[in-house]
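Observations on chain architecture
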Protein chains: 2
Amino acid sequence: MKTLIIVSHPTIETSLNQQFFKEASIHLSATWHHLEACYPDGKIDLQTELALLKEHDRIIFQFPFYWYSAPAHLKMWQDQVLESATKVLLGKELGIVLTTGVSEKEYQAGGKEEYTISEFLRPYQRIAHKFQMTFLPPFVLAQFMYLTEEQRFERLISYQQYLSLVEKPSLINRIDWFIERFAQNEIIKEKEPAKQQMIGDMLEEAKENIEDLTFILQEMKGRSL
Amino acid sequence: MKTLIIVSHPTIETSLNQQFFKEASIHLSATWHHLEACYPDGKIDLQTELALLKEHDRIIFQFPFYWYSAPAHLKMWQDQVLESATKVLLGKELGIVLTTGVSEKEYQAGGKEEYTISEFLRPYQRIAHKFQMTFLPPFVLAQFMYLTEEQRFERLISYQQYLSLVEKPSLINRIDWFIERFAQNEIIKEKEPAKQQMIGDMLEEAKENIEDLTFILQEMKGRSL
């Protein structure tokens, strides 16, 4: 699966969130496409954009929440591209990667931001449905500054999975994802080839065990009916 | 009350909706402010905008629904102006005038557009609350092309009231609004001064009758308690 990350951020060079995302996306099958850098004057090249959309299966809109929606540059992109994109978007996936300086729990009735993120994202959800795309639950990175190293690592893995793991993954899909990522890790391959082999084998074995257990459970369910 | 109509429409010269609105707003205490005309390159003059906001009491965002929100130019305005507008917006009113080519009844669960217009407008509603502004129920002009002359006239009066009538008006407020508009009508004043006087007197009389009736009703309510 190929993922297109359409990033909109007017001051990306000072954004820790976006640096974090960019580094996390490097070894994945994902294209980083920063709109403000490509089109500083806002004049979008329609043919380039349609070709990009065509090449990818999962389309991500990635942006900081500016007044409860995307920065103006992404709106320019929408206004100039979407009308011509009916065919190239049909049946694909649309995901939203959102950063916010406000705690996620403020986005609810009674919270400081009053409405849920899902409510604010209705326009994007509706766009997905209009193009018969699957709308992925949004990936929210809130208050990155306040996260511990461990929390950041957890968010990094989640973000990578958001970009590259199949939609609604099973446990087996998740393990496969880790096996693949682990086998491709160049640093480990170079420095610790023996360990890489060993851990890879262990993950494969764990996967087989889970497959066996799943099979047995299904057998038992079948018998008890 | 002074009203600022912030219009965003990239091809306004071909928009029947916007021509209709513009003509309807002419004799009211309202300022027509078309963003694409003032700032074709999208570079908003912050000081001009803050001065405009300061001068007016009711702020209107007026636009066609592009992908379930405003065209990119209004988003540029939001991104460049709102952060500095905390003081000048405090306590004012925010209204949305929205045009759509789709019938209003499609904006509901099970309709073609799935969600209500209120749901799509959450970002604007939240902005109003953030600035401690009163959010006015949106004014929606749907499928203008298909309206009869009579329907258009009805929408014209409603639009004028949306711009200039006090929020949550009583019947007396509405009659006062008509009396004032009627008295100011230059064409009638010139061509039919006698009729203008007569109809004005009739409206005043009707207003007094309603005030009397309201008083009597309140008396009766008071006695029956």
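Residues numbered from 1 in each chain as written. Chains lettered and ligands numbered in written order. Predicted model: local features only at pLDDT ≥ 70, side-chain atom pairs only at ≥ 80, totals over all residues. Heavy atoms only, no water.

The name an unreviewed UniProt entry assigns to chain A is NAD(P)H dehydrogenase, from the organism Candidatus Enterococcus mangumiae.

**Looking at the relation of the copies chain B and chain A**
Screw-axis analysis of chain B against chain A gives a translation of 0.0 Å along the axis, an RMSD of 0.1 Å, and a rotation angle of 180 degrees. Such a combination of rotation and displacement between the chain copies is what one expects of a two-fold axis. The C-alpha atom lying nearest the rotation axis in chain B is that of A72 of chain B; the distance is 2.8 Å. A share of 100% of the interface residues of chain B reappears at the interface of chain A, consistent with the copies meeting face to face through the same patch. (Least-squares fit on C-alpha atoms with pLDDT ≥ 70 in both. Contact = heavy atoms within 4.5 Å.)

**Quick word on a nonpolar patch on the surface**
A cluster of nonpolar side chains, L213, F215, I216, L217 and M220 of chain A, forms an exposed patch at the surface whose accessible area comes to about 540 Å². Tracing the chain through its elements places L217 of chain A in helix α11 (residues 193-224). (Patch = residues over 30% accessible without salt bridge, like charges linked within 9 Å, V, L, I, M, F, W, Y side chains within 5 Å. Areas by Shrake-Rupley, 256 points an atom, 1.4 Å probe, with all protein chains shown as cover. Salt bridge = Lys/Arg side-chain N within 4 Å of Asp/Glu carboxyl O. Helix = DSSP H or I, 4+ residues; strand = E, 2+ residues; numbered from the N terminus.)

**Concerning the interface of chain B and chain A**
Reports of interface size often rely on the accessible area that becomes lost once the parts have come together. Counting from both sides, the interface comprises 27 residues of chain B and, opposite them, 27 residues of chain A. With both chains or domains summed, chain B and chain A bury close to 2,500 Å², and 60% of this area falls on carbon and sulfur atoms. On the chain B side of the interface with chain A, the three residues burying the most area are W67, K75 and R126 of chain B, jointly 30% of the side's total. Put simply, K130 of chain B and E113 of chain A hold a salt bridge, and the shortest N to O gap is 3.9 Å. Between the two partners, chain B and chain A, sit 22 residue pairs in polar contact (both at pLDDT 80 or more). Breaking the side of chain B that touches chain A down by element, the ones donating at least two residues are α4 (72-81), α6 (117-120) and α7 (122-130) of chain B. Looking at which element gives the most residues to the side of chain B that touches chain A, the answer is α7 of chain B, with seven residues. Its residues placed into classes, the side of chain B that touches chain A shows 13 nonpolar, four polar and ten charged. (Buried area = accessible area lost by both parts, 1.4 Å probe. Polar contact = N/O pair within 3.5 Å; in protein donor to acceptor, adjacent residues only side chain to side chain. Nonpolar A, V, L, I, M, F, W, Y, C, P; charged D, E, K, R; others polar.)

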